[in-house]
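# Remarks on the overall topology
Given next are the chains, with one letter for each unit.
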Amino acid sequence: MRSATLQANGQDLAVESGTPLERYGKGIQAEIDSSLLKKGEALNLELKLQLLGTEQLAFSPIATESKVTLTADWPHPSFGGSFLPSRREVTDSGFTASWELSSLATSASTAFTRQQRLCSPGYWGSSETYAASAARGHDDSGPCLETMDTEFVNPVNVYSLSERATKYGILFVILTFVAVGLFEVMKKLRVHPVQYLLVGSALCSFFLLLISLSEHLGFATAYAIAASSCVALLAFYASHILGSIRRGLPFAIAISALYGLLYVLLQLEQTALVVGSIALFGVLALVMICTRHVDWYAFGRSESEAPNKSSKQEEAA
């Protein structure tokens, strides 16, 4: 917390560190003039905080009628806790969320008077954490103070993108093996299982390079370096196992398109599943079209095993 300013009914209040409450000792406090506290009238508080490195901000509805409006310049909020906002507006430049809650819907006021504990993010309703706390024998193993939570999510960062990329690893290996198998079927080549293993190892090294380089160079630069290196290596190796550069070049183009598709999927948030499903369907349709004339029973059969029409005619005679 870099700075904090507080107003009560338009009057500036002096904000100090700490609180007089034994259970909630950490935080900030401000003394309210008694003239501002009038029975039957609302007390309007306006709090401005400059926060750095904050993952979650929560409010506890301890008033008779609690109305909270939260405005921030963070474009990726996640609302949780005991109560969701009644109204919300999220844009690329920030968000605004509003809660309206009556004391009839919550026991937060009574819990606050009893100074029940504040729970960590993601705690509320967690039976595992409750059991662990009770096992320690602490007096804070009771229920949590009800709150209205807002979590400041960063959906696109180096580590989350790397994690999402590795989840596509098996699909990448399968699609690459399908591409090699297509060349094997269409060009009537023989690819050894060891060669498949080496191609798969090269694909696995891409994800390792991506994670390690992204910690130092940024995700986009690391992705470009890792993808270019793997495409160059696979193009060189495919040119030899497929017999010529002309056959290895289309394979390299297909792998490049695959890496390009993965990068697009990683940048998407709401439509990643739709785009990925359509792309996977397109790959399946392409494989089926290319192999529609392939005689799978005859594929892989050696010439000595192939049926000889003349011998069959002689046997018939």
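Residues numbered from 1 in each chain as written. Predicted model: local features only at pLDDT ≥ 70, side-chain atom pairs only at ≥ 80, totals over all residues. Heavy atoms only, no water.

Broken down by element type, the chain carries 9 helices and 11 strands. Among the 317 residues that make up the chain, the fraction classed as buried is 29%. Across the chain, the fraction of contacts at a sequence separation of at least 24, relative to all contacts at a separation of at least 6, is 64%. (Helix = DSSP H or I, 4+ residues; strand = E, 2+ residues; numbered from the N terminus. Buried < 20%, exposed > 50% of the residue type's maximum accessible area, 1.4 Å probe, protein only. Contact = heavy atoms within 4.5 Å.)

Take a nonpolar patch on the surface next. Together, Met1, Ile28, Leu47 and Leu49 line one region of the surface with nonpolar side chains, adding up to about 340 Å² of accessible area. When you line up the elements, Leu49 lands in strand S5 (residues 45–50). Its relative accessible area of 31% is what places Leu49 among the partly exposed residues. (Patch = residues over 30% accessible without salt bridge, like charges linked within 9 Å, V, L, I, M, F, W, Y side chains within 5 Å. Areas by Shrake-Rupley, 256 points an atom, 1.4 Å probe, with all protein chains shown as cover. Salt bridge = Lys/Arg side-chain N within 4 Å of Asp/Glu carboxyl O.)

Take helix H6 (residues 219–241) next. Under the 1.5 Å per step criterion, the end-to-end length of H6 is 32 Å for 23 residues, consistent within 8% with the ideal 33 Å. For H6, the full list of buried residues reads Phe219, Ala222, Tyr223, Ala226, Ala227, Cys230, Val231, Leu234, Ala235, Ala238, Ser239 and Ile241. Backbone geometry just downstream of H6 places Gly243 in the positive-phi region, at approximately 100°. (Expected span 1.5 Å × (residues − 1).)

Note on sheets: strands pair through backbone hydrogen bonds, and any given pair is parallel or antiparallel. Strand order in the open sheet made by the 3 strands is S6-S11-S8, with antiparallel pairing throughout. Lying at the two open borders of the sheet, with one neighbouring strand each, are strand S6 (56–59) and strand S8 (77–81). Neighbouring strand axes in the sheet, compared pairwise and without regard to direction, differ in orientation by 20° on average. Across 5 bridges, the pairing between S8 and strand S11 (residues 148–152) is antiparallel. Across the sheet, residue Pro77 finds its bridge partner in S11, namely Phe152. (Pairing = 2+ DSSP bridges. Axes fitted to C-alpha atoms, helices over the stretch in contact; angles between N-to-C directions.)

Let us look at the environment of Gly181. With respect to the helices and strands, the residue Gly181 is situated in helix H4 (residues 169–186). On the basis of relative accessibility, which here comes to 18%, the residue Gly181 falls in the buried class.

Let us now look at the packing of aromatic side chains. One pair of aromatic rings is described through two measures. These are the centre distance and the angle between the planes. Under the counting rule described, the total for this entry stands at 8 aromatic pairs. Taking the centre distance of 6.3 Å and the plane angle of 45° together, the rings of Phe95 and Phe152 count as tilted. Residue Phe95 is located in strand S10 (residues 94–102), and its partner Phe152 is located in strand S11; the two are separated by 57 residues in the primary sequence. Taken individually, Phe95 and Phe152 each receive the classification buried, so the pair is uniform in this respect. (Phe/Tyr/Trp six-rings, centres within 6.5 Å; stacked < 30°, edge-to-face > 60°.)

Moving on, we get to the pattern of salt bridges. For the structure shown, the criterion picks out 1 salt bridge. Residue Arg87 pairs with Glu100 through a salt bridge whose shortest N-O separation is 3.2 Å. Here Arg87 is found in strand S9 (residues 87–91), whereas its partner Glu100 is found in strand S10, with 13 residues between them in sequence.

What follows deals with the nonpolar core. Counting residues in hydrophobic clusters, the biggest one holds 31 residues, and the most contacted among them are Phe206, Tyr223 and Tyr259. Of all the elements in the fold, those that place two or more residues in this core are helix H3 (158–167), H4, helix H5 (193–217), H6 and helix H7 (245–267). Per-element tally for this core: the top contributor is H6, with 10 residues. Those residues in contact with Tyr223, other than ones at most four positions away along the chain, are Phe206, Leu210, Tyr259, Leu262, Tyr263 and Leu266. Listed in part, the 11 residues of the second largest apolar core include Leu70, Phe95, Trp99 and Leu101. (Core = buried A, V, L, I, M, F, W, Y, C linked by side-chain atoms within 4.5 Å.)

Note that every value here comes from positions in space, so none of it alone points to a role or purpose.
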